[in-house]
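Breakdown of the fold
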Amino acid sequence: MRTDLLSKLGIRFPIIQAPMANMSSAALAAAVSEAGALGSIAVGAMTPEAARAAIRAVREKTARPFQVNVFTHVPAQADAAREAAWLAWLRPHFERFGAQPPAGLTEIYGTFVTDDAMFEVMLAERPAVLSFHFGLPPQEKIDALKAAGITLFATATSLDEARQIEAAGIDAIVAQGIEAGGHRGVFDPQAPDAALSTVELLQQLHGKTSLPLIAAGGIMDGAQIRTALYYGASAVQMGSAFIACPESSASPHHRSLIATGAQLETELTPVISGRAARGIVNRQFRDVGASGHPPVPDYPIAYDAAKQLHAAASAKGNQEYSVNWGGTNFAQARAMPAADLVAALVAEMQAA
């Protein structure tokens, strides 16, 4: 199965650079793919036109296969009262910087579930791999994408989600452990989450699905890749490991946090975007997410507020409200060119 997956993807090594919105640049994806792994970009926060341009930007840099990721969450439900209460909660934070919260919030980007224009872009551009995060799109879209020759991935955080993915005809499962940085890929954010580690999830899924498993969460070096393969993964998907690469679009502040990461910690919180996501703890986590906060607006409506609060703070030279996604082992990220990192991971994997 492991050999079959690599052959299907057209890659030499069982390493996939995770698609990270606003950090997975064309340069990063191309460098990883050129090095024999699978590079990735995330277009879920883009317009269809921007997504098309992003795909073509990668293709200008490499003829190798790469992954494109879209968000497949249930469409947000606006709630004026809930959003007003949330903005009232945030008001003191805006006022710290001489700003006022916005009069209202918007759904700053849509979902592939209902975005037919984005669907048409994917059919036209035909990336080698298209992956779904937060659930699955309608079956007719899945069938059309497969008929177009696109390999499909979807994220699962539980056995139930994995079974839904297999039943839908997806090609591979990204098994996302609780250690992973960024957004938790659960299908239903209101449902209980067993919060399985990457190894625990692999153990639960191994033998229960015929699909290849791609381990994601907390994997930073070749020895950890070997561990994931031992527990049944056909490949690994690594996000935090690539953030410090010069080709990523990580901000200078984010890079500085990684450099001093041993003194920092990560947590999962829904208060930034409206969905649980793991990042480096700052005032967005501690103060905005303090006990007693009102119900958080739906994803990604809540994200509109977080981005505007960060903008207000940043305008005054303050990064305490910045959003710096990262997995539990983010401090192990190495500041080296992506191609060199892939080579180092392969060497470590072979030595392990």
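Everything below is about the structure printed above this text.
Residues numbered from 1 in each chain as written. Predicted model: local features only at pLDDT ≥ 70, side-chain atom pairs only at ≥ 80, totals over all residues. Heavy atoms only, no water.

Turning our attention to the packing of aromatic side chains. Applying the stated criterion to the full structure yields 9 aromatic pairs. Considering the side-chain rings of phenylalanine 97 and tyrosine 321, the 5.7 Å spacing of their centres and the 90 degrees angle between planes classify their relative orientation as edge-to-face. With phenylalanine 97 in the loop between α4 (80-95) and α5 (116-125) and tyrosine 321 in the loop between α13 (301-315) and α14 (338-351), this pair connects stretches of sequence that are 224 residues apart. Taken as a pair, phenylalanine 97 and tyrosine 321 share a single burial class, namely buried. (Phe/Tyr/Trp six-rings, centres within 6.5 Å; stacked < 30°, edge-to-face > 60°. Helix = DSSP H or I, 4+ residues; strand = E, 2+ residues; numbered from the N terminus. Buried < 20%, exposed > 50% of the residue type's maximum accessible area, 1.4 Å probe, protein only.)

The subject of this paragraph is the sheet that holds strand β10 (residues 266-269). Taking strand neighbours across the sheet as the criterion, the 3 strands line up as β7-β11-β10 in an open arrangement whose pairing is antiparallel. On the outer flanks of this sheet lie β7 (182-183) and β10, each paired with one strand and no other. Across 4 bridges, β10 lies against strand β11 (residues 277-280) in antiparallel orientation. Along β11, the bridge assignment pairs leucine 268 with arginine 278. (Pairing = 2+ DSSP bridges.)

Let's shift gears to the side chain of glutamine 237. For glutamine 237, the location among the structural elements is in strand β9 (residues 235-238). Separated by 3.5 Å, the side chains of glutamine 237 and glutamine 67 make a polar contact. Setting aside its immediate chain neighbours within four residues, glutamine 237 contacts Ile16, Gln17, Ala18, Pro19, Gln67, Val174, Ile214, Ala215, Ala216 and Gly217. (Polar contact = N/O pair within 3.5 Å; in protein donor to acceptor, adjacent residues only side chain to side chain. Contact = heavy atoms within 4.5 Å.)

Listed as buried for helix α8 (residues 198-205) are Thr198, Leu201, Leu202 and Leu205. Buried residues along α8 cover an arc of 100 degrees about the axis, so they all sit on one side. Tucked into the core, α8 has its buried residues touching β5 (151-156), α7 (159-167), β6 (172-176), β8 (213-216) and α9 (222-230). Just downstream of α8, glycine 207 is the residue with a positive phi angle, here 85 degrees. (Arc of directions from axis to C-beta.)

One way to put it is that α5 packs onto helix α6 (residues 139-147) with a least axis distance of 10 Å and a crossing angle of 15 degrees. Classed by the angle they form, the pair α5 and α6 counts as roughly parallel. The hand of the α5/α6 crossing is right-handed. Between α5 and α6, the residues in contact are Asp116, Phe119, Met122 and Leu123 and Lys141, Ala144 and Leu145, respectively. Residues of the contact of α5 with α6, tallied by class, amount to 5 nonpolar, no polar and 2 charged. (Axes fitted to C-alpha atoms, helices over the stretch in contact; angles between N-to-C directions. Parallel < 35°, antiparallel > 145°, perpendicular 65-115°, else oblique. Left-handed = near helix turned anticlockwise from the far one by under 90°. Nonpolar A, V, L, I, M, F, W, Y, C, P; charged D, E, K, R; others polar.)

Backbone hydrogen bonds hold the strands of a sheet together, and the pairing may be parallel or antiparallel. Spatial ordering of the open sheet is given by β1-β9-β8-β6-β5-β4-β3-β2, a layout of 8 strands whose pairing is parallel. The open sheet has two edge strands with one neighbour each: β1 (15-17) and β2 (39-42). Each adjacent strand pair in this sheet contributes to an overall mean axis angle of 25 degrees, direction not counted. Direction of pairing for strand β4 (residues 129-133) relative to β5: parallel, over a ladder of 4 bridges.

That is the geometry; function is a separate question.
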